[in-house]
Amino acid sequence: MEVTFTLQFGKATGEILCGHCLPPVNLGITPPHNHRQGEVHVMLSGSVDYTIGEENRTFQSGDFVYIPPKMYHSAKAQQIDTSFITFTLRGGPKHIVYSSLPKGILEGIHHACKESGTHGSLEPLMPYFYILLGIIF
């Protein structure tokens with residue numbers, strides 16, 4: 001499901017293209033690439049070795065990263081069942097943002113993904129997009 005929508009967050013406006021929100025996708029290996037927009041990844045399960053710019057970092061379930069526009073990045077999952085949601089964001093900052101999500105937020109995102117998939121709507125995920133934007137901005 002690919003959907004574009006705009007969220008207002010304080011003085012910032014984020015235009016979100018949600019291409020891999022529903023269902024969460026399994027991550028394998030992605031070669032180095034970049035995007036015109038910023039990209040957000042939320043790790044739902046497993047762990048992934050990322051290269052973002054010149055940095056190497058391992059992300060695990062509950063970790064979150066915002067990758068700014070035009071920054072090269074690649075990923076390699078460490079387990080077959082690694083899953084994540086990802087979306088692009090126009091209007092985000094020009095720097096990388098890393099964070100670990102509290103367990104309750106991660107569980108809420110899992111539940112909202114399932115509910116959204118059942119109903120074919122991103123509505124259950126909307127509160128979590130605002131939480132993620134709060135971390136990014």
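Residues numbered from 1 in each chain as written. Predicted model: local features only at pLDDT ≥ 70, side-chain atom pairs only at ≥ 80, totals over all residues. Heavy atoms only, no water.

(A) Representation of the overall build of the protein chain in the model. Per the secondary structure count, the protein chain includes two helices and ten strands. Listed N to C, the secondary structure of the protein chain is β-β-β-β-β-β-β-β-β-β-α-α in terms of helices and strands. In the protein chain, which comprises 137 residues, the share counted as buried stands at 45%. Within the protein chain, counting contacts between residues at least 6 apart in sequence, those at least 24 apart form 72% of the total. For the protein chain, the exposed surface amounts to about 7,000 Å²; the carbon and sulfur share of it is 54%. (Helix = DSSP H or I, 4+ residues; strand = E, 2+ residues; numbered from the N terminus. Buried < 20%, exposed > 50% of the residue type's maximum accessible area, 1.4 Å probe, protein only. Contact = heavy atoms within 4.5 Å. Areas by Shrake-Rupley, 256 points an atom, 1.4 Å probe, with all protein chains shown as cover.)

(B) Representation of the environment of Ser45 within the structure. Considering the arrangement of structural elements, one finds Ser45 in strand 4 (residues 38-45). In this structure the C-alpha to C-alpha distance between Ser45 and Asp81, which are 36 residues apart in sequence, comes to 7.2 Å. In this structure, Ser45 is in contact with Ser61, Asp81, Thr82 and Ser83, ignoring residues within four places of it in sequence. At 3.1 Å, the side chain of Ser45 and the side chain of Ser83 are in polar contact. (Polar contact = N/O pair within 3.5 Å; in protein donor to acceptor, adjacent residues only side chain to side chain.)

(C) The arrangement of the side chain of Asp63 in detail. Structurally, Asp63 is set in strand 7 (residues 63-67). Buried and unpaired, Asp63 has no salt bridge, with Arg57 as the nearest side chain of opposite charge at 7.4 Å. Among the polar contacts listed, one links the side chain of Asp63 to the backbone nitrogen of Gln60, at a separation of 2.8 Å. Polar side-chain contacts of Asp63 include one of 2.7 Å to the side chain of Ser100. In this structure Asp63 touches His41, Val42, Met43, Thr58, Ser99 and Ser100, once residues within four positions along its chain are discounted. (Lys, Arg positive; Asp, Glu negative; His and termini not counted. Salt bridge = Lys/Arg side-chain N within 4 Å of Asp/Glu carboxyl O.)

(D) Representation of the confidence of the model for the protein chain in the model. The predicted model of the protein chain averages 83 in pLDDT, with 84% of residues at 70 or higher. The least confident element of the protein chain is strand 2 (residues 12-26), whose mean pLDDT is 60; the most confident is strand 10 (residues 97-100), at 96. (pLDDT = per-residue confidence, 0-100.)

(E) Local environment of the environment of Gly91. Within the secondary structure, Gly91 is located in the loop between strand 9 (83-90) and strand 10. Each C-alpha atom of the pair Gly91 and Gln37 lies 7.8 Å from the other, and the pair is 54 residues apart in sequence.

(F) Quick look at the packing of aromatic side chains. If you walk through the whole model with that rule in mind, you get three aromatic pairs. Here Tyr50 and Phe59 contribute two aromatic rings whose centre-to-centre distance is 4.8 Å and whose plane-to-plane angle is 85 degrees, an arrangement assigned as edge-to-face. Under the relative-accessibility criterion, Tyr50 is labelled buried at 2%. For the pair Phe87 and Phe129, a centre-to-centre distance of 5.0 Å together with 85 degrees between the ring planes defines the contact as edge-to-face. Here Phe129 lies in helix 2 (residues 126-136) and Phe87 lies in strand 9, a separation of 42 residues in the sequence. Judged on exposure class, the residue Phe87 and its partner Phe129 are both buried. Put simply, the rings of Tyr50, Phe59 and Tyr98 touch in pairs and so form one group of aromatic residues. (Phe/Tyr/Trp six-rings, centres within 6.5 Å; stacked < 30°, edge-to-face > 60°.)

(G) Region of interest: helix 1 (residues 103-119). Relative to the 24 Å expected for 17 residues at 1.5 Å per residue, helix 1 spans 24 Å between its end C-alpha atoms, a close match to the ideal helical length. Every buried residue of helix 1 is accounted for by Ile105, Leu106, Gly108, Ile109, Ala112, Cys113 and Ser116. The arc that holds every buried residue of helix 1, seen down its axis, measures 155 degrees, which confines them to one face. Exposed positions of helix 1 whose direction lies more than 90 degrees from the buried face are Lys103, His111, Lys114 and Thr118. Phi turns positive, to about 65 degrees, at Gly120, one or two residues after helix 1. (Expected span 1.5 Å × (residues − 1). Arc of directions from axis to C-beta.)

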